[in-house]
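Residue-level structural notes
What follows is each chain in one-letter form.
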Amino acid sequence: MNDFDLLVLGSGPGGQRAAIAAAKLGRKVAVVDRREMIGGVCINTGTIPSKTLREAVLYLTGLNQRELYGQSYRVKDDITVADLGMRTQHVISRETDVIRSQLARNHVTVLPGTGRFVEPNAVVVTGGREQKVTADKIVIATGTRPARPDSVAFDEKTIIDSDGIIHLDHVPETMVVVGAGVIGIEYASMFAALGTKVTVVERRDRMLDFCDLEIVEALKYHLRDLAVTFRFGETVASVERMAHGAITVLESGKRIPADTVMYSAGRQGMTDDLQLEAAGLDADRRGRIKVDEHYRTEVPHIYAVGDVIGFPSLAATSMEQGRLAAHHACGEPVSDIIDLQPIGIYTIPEISFVGRTEDALTEAKVPFEVGVSRYRELARGQIIGDSYGMLKLLVSPEDRRLLGVHVFGTGATELVHIGQTVMGLGGTVDYLVNAVFNYPTLAESYKVAALDAMNKMRHMARLSE
């Protein structure tokens, strides 16, 4: 007889939800994680710190109020790392308490330390002392860490990765961000808002290529306005550490001096120390584990969820994966994840979308009409001083269903859920045209964009008569 019905390795969003779901189904559950990492990367070094930092930056710089009070407006003149870190540490502490409380309330045993397989059903937990734990079912939810190229000499001070950002001892005057993925662009926009002169180096020809092109162009324009320089189609040859900073040398011969260089070179699965071979498993070169539609690995009683299985690597999807894996492992399957998942990018300003992009629809030869609403046309947009935000609807002219919703500006990651709900329930643009929205709100942008799309479709119909 095994010690536990379900053993979860990792207490991030995926592991936490898996453990609690199984506990609510009456199973005996344990979670393995280091004391200082309860809540996983999400709570301690990733999602929560970065989004809290972003909120602190927006407040202290007064960036959102400058349309109303002038470009020189600031809440605080000399913003320090202590100003930014105080709020971050408070939120991390509160969130960690919430997770510990949830696990305790659901009678989930927390085993402090790190786990490694010794048999397919047995894990040795190394913390203060070693203990062997056995379980009927095991869920791997160990997450990821920033990938570090071997050619770069990281020193945690001048040359850092995204984990090192929250440990900086000062706000740098100049910064090079290598990699224009989601994490790189989020941090580039935050430091640009603080007044740091940021240069983004990206080997591809564009950034965020899974997003709507018009939305990305709007973000690029806004970031250039904050003095961000983009070097697309460029590869870093080397980074030379100097007495007071570093010089980033590009293969094209350009040399970019900066106080700080931040590498955002993707993520690496935390599977190196799991001894997967003892369980009959392996991982790819990025440390990711292959799973089926039920999140089962090649060993049927072992599951894997969250960032360690790869795309989309979002806290929100990881939570749902953990819940579904636990239900399947307990023999009580529930409905699969709905395909319609929103993407949120917490740049300044933020981006969010659900459904397909114009490029994807064009490539698939799916006809669509576009309806656009701009925040500057809305009373709420004027009240909050957001003149650049926009919401775009992609509508099928054949059955008037929504094919995609793309939002740029204040509250984008909240607003997108209205479109997600309409799409998920099979609603049409007619619903948005006829619905009454509170006034003044940013949510009104749905009605304005819907009317815009409807007018274009009516015009087309009139021309066809």
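The rules behind each value
- Residues numbered from 1 in each chain as written.
- Predicted model: local features only at pLDDT ≥ 70, side-chain atom pairs only at ≥ 80, totals over all residues.
- Heavy atoms only, no water.
- Helix = DSSP H or I, 4+ residues; strand = E, 2+ residues; numbered from the N terminus.
- Rg over C-alpha atoms; globule rule 2.2 N^0.38 Å.
- Buried < 20%, exposed > 50% of the residue type's maximum accessible area, 1.4 Å probe, protein only.
- Contact = heavy atoms within 4.5 Å.
- Areas by Shrake-Rupley, 256 points an atom, 1.4 Å probe, with all protein chains shown as cover.
- Lys, Arg positive; Asp, Glu negative; His and termini not counted.
- Charge placed at Lys NZ, Arg CZ, Asp CG, Glu CD.
- Core = buried A, V, L, I, M, F, W, Y, C linked by side-chain atoms within 4.5 Å.
- Pairing = 2+ DSSP bridges.
- Axes fitted to C-alpha atoms, helices over the stretch in contact; angles between N-to-C directions.
- Parallel < 35°, antiparallel > 145°, perpendicular 65-115°, else oblique.
- Left-handed = near helix turned anticlockwise from the far one by under 90°.
- Nonpolar A, V, L, I, M, F, W, Y, C, P; charged D, E, K, R; others polar.
- Phe/Tyr/Trp six-rings, centres within 6.5 Å; stacked < 30°, edge-to-face > 60°.
- Lys NZ or Arg CZ within 6 Å of the ring centre and 35° of its normal.
- Salt bridge = Lys/Arg side-chain N within 4 Å of Asp/Glu carboxyl O.
- Expected span 1.5 Å × (residues − 1).

A count of helical and extended segments in the chain gives 13 helices and 22 strands. Relative to the compact-globule value of 23 Å for 465 residues, the chain shows a C-alpha radius of gyration of 24 Å, a close match. Over its C-alpha atoms, taken along the principal directions, the chain stretches across nearly 75 × 60 × 40 Å. For the chain, the proportion of its 465 residues judged to be buried stands at 50%. Considering only contacts in the chain between residues 6 or more positions apart, those separated by 24 or more positions represent 61%. Looking at the chain as shown, the accessible area adds up to about 21900 Å², and 50% of this sits on carbon and sulfur atoms. For the chain, the separation between the mean place of its 51 positive charges and that of its 60 negative charges on side chains is 2 Å.

Moving on, we come to the nonpolar core. Soluble globular proteins tend to bury their nonpolar side chains together. Of all hydrophobic cores here, the largest spans 50 residues; its most connected members are L7, L9, F117 and I140. Among the elements of the structure, β1 (4-9), α1 (13-24), β2 (29-33), α5 (81-105), β5 (122-126), β6 (130-140), β17 (302-304) and α8 (315-329) are those that each provide at least two residues to this core. Apart from the residues lying within four places of it in its own chain, the contact partners of F117 are L9, A122, V123, I138, I140, L274, Q275, L276, A278, A279 and I302. A56, L168, V177 and I351 belong to the second-largest nonpolar core, a separate cluster that totals 47 residues.

Turning next to the sheet that holds strand β9 (residues 174-178). One key point about sheets: their strands pair by backbone hydrogen bonds, in either a parallel or an antiparallel sense. The five strands are arranged β8-β15-β9-β10-β11 in an open sheet whose pairing can be described as parallel. The sheet is open, and its two borders are formed by β8 (159-161) and β11 (229-232), each paired with just one other strand. Along the sheet, successive strands turn relative to each other by an average axial angle of 20°, direction set aside. Lying on the sheet, helix α6 (residues 182-193) is in contact with β9, β10 (197-202), β11 and β15 (260-263); it crosses β10 at an angle near 165°.

Orientation of helix α3 (residues 47-61) relative to α5, taken along the N-to-C sense of each, is 140°, at an axis distance of 9 Å. The orientation of α3 relative to α5 falls into the category oblique. Where α3 crosses over α5, the handedness of that crossing is right-handed. Between α3 and α5, the contacting residues are I48, P49, T52, L53, A56, V57 and L60 on the first element and D83, L84, R87, T88, V91, I92 and E95 on the second. Per-class residue counts for the contact of α3 with α5 are nine nonpolar, two polar and three charged.

What follows is about the packing of aromatic side chains. Using the criterion set out here, one finds five aromatic pairs in the structure. With a centroid separation of 5.7 Å and 70° between ring planes, the pair formed by F154 and Y263 is classed as edge-to-face. Pair noted here: F154 is in the loop between β7 (144-146) and β8 and Y263 is in strand β15, with a separation of 109 residues, a long-range link. For the pair F154 and Y263, a shared accessibility class is recorded, and that class is buried. The cationic tip of K28 hangs over the ring face of F4; the distance from NZ or CZ to the ring centre is 5.3 Å. Across from the ring centre of F154, 4.4 Å away, lies the NZ or CZ of R148, which sits over that ring.

Below, the discussion takes up the pattern of salt bridges. For the structure shown, the criterion picks out 24 salt bridges. A salt bridge links E186 to K51; its shortest N-O distance comes to 3.0 Å. With E186 in helix α6 and K51 in helix α3, this residue pair connects regions lying 135 residues apart in the sequence. For the pair E186 and K51, a shared accessibility class is recorded, and that class is buried.

What follows covers α5. In this model, α5 (25 residues) spans 36 Å end to end at C-alpha, consistent with the 36 Å of a helix rising 1.5 Å per residue. Buried within α5 are the following residues: D83, L84, T88, V91, I92, T96, I99 and L103. On its buried face, α5 sits against α1, β2, α2 (40-44), α3 and β3 (109-112). One or two steps after α5, the chain reaches H107, where phi turns positive at roughly 60°.

Moving on to α8. The end-to-end C-alpha distance of α8 is 21 Å, a good match for the 21 Å that 15 residues give at a rise of 1.5 Å each. T317, S318, Q321, G322, L324, A325, A326, H327, H328 and A329 are the residues of α8 that are buried. Contacts made by the buried residues of α8 are with β1, α1, β6 and β17. Just past α8, the residue G331 takes up positive phi, approximately 70°.

One open sheet holds the three strands; their spatial order is β12-β13-β14, and the pairing between them is antiparallel. Bordering the open sheet on either side are β12 (236-242) and β14 (255-258), each of which pairs with just one other strand. On average, adjacent strands in this sheet sit at an angle of 20° to one another, irrespective of strand direction. Alignment of β12 against strand β13 (residues 245-250), held across six bridges, turns out to be antiparallel. Of the residues in β13, the one forming a bridge with V239 is T248.

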